[in-house]
Amino acid sequence: MSIEVSKIVQGVEPSATLAMSAKAKELKAQGETVYNLSVGEPDFDTPKHICDAAIEAMRAGHTRYTVASGIPELKAAVCADYKNRFGLDYKPTQVVISNGAKHSLHNAFFATLNPGDEAILPAPCWVSYAELIKLCGAKPTIVQTREEDSFKLTPEAFRAAITPKTRMLLLCNPSNPTGSCYTCDELLELAKIAVENDLFVVADEIYERLVYDGAQFTSFPTVLDGLQERSIVVNGVSKTYAMTGWRIGWLMAPENVAKKISSLQSQETSNPCSLSQYAALAALQGDQACVAEMRAEFEKRRDYVMSRIAAIPGMSAPKTGGAFYVFFNIRNFLGKDYGGVRVETDKDWCLELLQQKKVATVMGSAFSAPGYARASFAASMETLKTAFDRIEEFVAGK
Ligand code: PMP
Ligand code: GLU
């Protein structure tokens, strides 16, 4: 007997970012030196005081189930953080701690979208949003943005995408994969349209601490009174504190939504790892110098990568304002032969770049933006330098 996979799961695509990273690791296991700019994950170690807190928690016996929606101390710390930095008032009952921000997003979609509902996704958009929305039986409405607009959703494009079935807008700010950041005024224009059309907004703010050029990040619910009631904010420790493997993220939502998500999580996964929660608590409450240091290093790398792209004739990318990605236009490099292999699409280009030059990037089509590629600069300067030397050689046919 063969087990048939359900219709809804049959449609799920694997995460392209993780798939490219797996390919790079495969080549590495075969003994190749690979320059991996595919997966978006800080190359820094988790700061020592955070690791120490997890060890202490283990020794103190915090090794049992916790409250399914997270330990009260961490929820309180999340509320205090958004209050201190953005002036937003959240109660701990509005916070749900989950197994990474990806899980928080899944919870948010699953708890709010009904089959047939439409959710607007400005593209280029991170690989998991559309798949997670489809898993709820809802429909992602992909709205293309333009490189000339720094890949930001314009009020006109937002309005034009709304139908009677639209319920939600997903806003990733700073954006994965483009690195674009919305200004307060831009967010306000989008917020007004959401209110006029009675939509709610899922604001993925996972990269908010990684903004460059001295920019001030604006948290979405701050731009208009009453917006907290129609927003679900997602954040976590993975990117800010180099804690991708610890799997702690959270959402902040209106109380009725958070309560139902807590019930859902209590049935599905129970609490996220107890020790990781104590580590996340130490991250939020401890010295923030580590964040400033990592941010400064990312900014240096951002400058370097932008200069390398600018130096390649025919290649372009809007300036990355936040997160640790550069999203570059490779249209001028398609429809050509590379070492005797015909390269027609962005996927072919990224695969050949990996095959021939051992540089791993992610194809734009995985982010609903064919003709582009994403490189993560969460890699050492040395890796970035060699990777871009090789990209330069590759497009020059060397
Ligand atoms: N949102 C965005 C935009 C991301 O890039 C990521 C990275 N994986 C996540 C959410 C999920 O983060 P986490 O590792 O905490 O699940
Ligand atoms: N968010 C990261 C990325 O875009 C991690 C991989 C993933 O979770 O898909 O590369």
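Refer to the structure printed above.
Residues numbered from 1 in each chain as written. Chains lettered and ligands numbered in written order. Predicted model: local features only at pLDDT ≥ 70, side-chain atom pairs only at ≥ 80, totals over all residues. Heavy atoms only, no water.

Engineer: Just checking my understanding: could you explain the overall build of the protein for this structure?
Structural biologist: Secondary structure summary: the protein contains 13 helices and 14 strands in total. Principal-axis analysis of the C-alpha atoms gives the protein an extent of 60 × 60 × 55 Å. For the protein, the residues scored as buried account for 56% of the 398 residues in total. Here the contacts in the protein between residues at least 6 apart in sequence split such that 73% fall between residues at least 24 apart. For the protein, the exposed area adds up to about 17000 Å²; of that, 52% sits on carbon and sulfur atoms. (Helix = DSSP H or I, 4+ residues; strand = E, 2+ residues; numbered from the N terminus. Buried < 20%, exposed > 50% of the residue type's maximum accessible area, 1.4 Å probe, protein only. Contact = heavy atoms within 4.5 Å. Areas by Shrake-Rupley, 256 points an atom, 1.4 Å probe, with all protein chains shown as cover.)

Engineer: I keep staring at the nonpolar core and nothing clicks. Help me out?
Structural biologist: The nonpolar side chains of a soluble globular protein tend to be buried, and buried together. Among the nonpolar cores identified, the biggest contains 116 residues, and Phe 109, Met 315 and Trp 349 are the most heavily contacted of them. Per-element accounting of this core gives the leading share, eight residues, to helix 11 (residues 289–310). Once residues within four sequence positions are removed from consideration, Met 315 is found in contact with Ile 309, Phe 328, Asn 329, Ile 330, Phe 333, Trp 349, Ile 391 and Val 395. Core analysis: the second largest hydrophobic core is formed by 20 residues, Leu 153, Leu 187, Ile 193 and Phe 220 among them. (Core = buried A, V, L, I, M, F, W, Y, C linked by side-chain atoms within 4.5 Å.)

Engineer: What am I meant to see in the side chain of Glu 147 here?
Structural biologist: Relative to the helices and strands, Glu 147 is located in the loop between strand 4 (139–144) and helix 7 (155–161). Of the side chains with opposite charge, Arg 331 lies nearest to the buried Glu 147, which makes no salt bridge, at 5.4 Å. Among the polar contacts listed, one links the side chain of Glu 147 to the side chain of Tyr 372, at a separation of 2.6 Å. With residues up to four places along the chain from it excluded, the contact list for Glu 147 reads Ser 316, Ala 317, Pro 318, Asn 329 and Tyr 372. (Lys, Arg positive; Asp, Glu negative; His and termini not counted. Salt bridge = Lys/Arg side-chain N within 4 Å of Asp/Glu carboxyl O. Polar contact = N/O pair within 3.5 Å; in protein donor to acceptor, adjacent residues only side chain to side chain.)

Engineer: Help me understand the sheet that holds strand 13 (residues 362–363), please; the structure alone is not making it clear to me.
Structural biologist: By way of backbone hydrogen bonds, the strands of a sheet pair with one another, either parallel or antiparallel. Taking strand neighbours across the sheet as the criterion, the three strands line up as 9-14-13 in an open arrangement whose pairing is antiparallel. Of all the strands in the sheet, the pair left with one neighbour each is strand 9 (325–329) and strand 13. Note: strand 13 against strand 14 (residues 372–376), two bridges, orientation antiparallel. Looking at the pairing, Met 363 lines up with Ala 373 of strand 14. (Pairing = 2+ DSSP bridges.)

Engineer: Would you explain the packing of aromatic side chains in this entry?
Structural biologist: Where two aromatic rings form a pair, the distance of their centres and the angle of their planes describe that pair. Scanning the model with the defined rule gives 16 aromatic pairs in all. A centroid spacing of 5.7 Å and a plane angle of 80° characterise the contact between Phe 151 and Phe 327, whose relative ring orientation is edge-to-face. Of the two residues, Phe 151 sits in the loop between strand 4 and helix 7 while Phe 327 sits in strand 9, which places them 176 residues apart along the sequence. Seen from their ring centres, Phe 327 and Tyr 372 are 5.3 Å apart, and the 5° between their planes marks the pair as stacked. Linking Phe 327 in strand 9 with Tyr 372 in strand 14, this pair joins segments that are 45 residues apart in sequence. On the accessibility criterion, Tyr 372 (6% relative accessible area) is buried. A network of ring pairs unites the aromatic residues Phe 44, Tyr 207, Phe 298, Phe 324 and Tyr 325 as a single cluster. The ring of Tyr 182 has Lys 152 lying over it, and the distance from NZ or CZ to the ring centre is 5.9 Å. (Phe/Tyr/Trp six-rings, centres within 6.5 Å; stacked < 30°, edge-to-face > 60°. Lys NZ or Arg CZ within 6 Å of the ring centre and 35° of its normal.)

Engineer: Would you mind showing me how to read the side chain of Lys 152 here?
Structural biologist: Mapped onto the elements, Lys 152 comes out in the loop between strand 4 and helix 7. Not counting residues within four places of it along the chain, the set of residues in contact with Lys 152 comprises Thr 145, Ser 180, Cys 181, Tyr 182, Thr 183 and Glu 186.

Engineer: So what exactly am I meant to see when it comes to the environment of Ser 231 here?
Structural biologist: Take Ser 231: it is sitting in strand 7 (residues 231–236). On the basis of relative accessibility, which here comes to 0%, the residue Ser 231 falls in the buried class. C-alpha of Ser 231 to C-alpha of His 49: the two residues are 182 residues apart in sequence and 33 Å apart in space. Setting aside residues no more than four positions away along its own chain, Ser 231 makes contact with Val 201, Phe 220, Pro 221, Met 252, Ala 253 and Pro 254. A distance of 2.6 Å separates a polar side-chain atom of Ser 231 from the backbone oxygen of Leu 227.

Engineer: What exactly am I supposed to notice about the site of ligand 2 here?
Structural biologist: All residues in the neighbourhood of ligand 2 are listed as Ser 15, Thr 17, Leu 18, Val 39, Gly 40, Lys 102, Trp 126, Asn 176, Tyr 207, Lys 239, Tyr 325 and Arg 374. Within the side chain of Ser 15, one N or O atom sits 3.2 Å away from an oxygen atom of ligand 2. The contact in question runs from an oxygen atom of ligand 2 to an N or O atom on the side chain of Trp 126, over 3.1 Å. About the coverage of ligand 2: the protein hides 90% of its 280 Å² of free accessible area. (Near = heavy atom within 4 Å.)

Engineer: Could you clarify how one ought to interpret the site of ligand 1 in this entry?
Structural biologist: In the neighbourhood of ligand 1, 14 residues make up the surrounding shell, with Asn 176, Asp 204, Tyr 207, Ser 238 and Lys 239 lying closest. A distance of 2.7 Å separates an oxygen atom of ligand 1 from a polar side-chain atom of Asn 176. At 2.6 Å from a nitrogen atom of ligand 1 is found a side-chain nitrogen or oxygen belonging to Asp 204. Here ligand 1, which alone exposes 390 Å², has 93% of that area covered by the protein. Among the elements that line the shell around ligand 1, the one with the most residues is helix 5 (residues 101–112), at three residues. Looking at side-chain class alone, the shell around ligand 1 contains seven nonpolar, three polar and four charged residues. (Nonpolar A, V, L, I, M, F, W, Y, C, P; charged D, E, K, R; others polar.)

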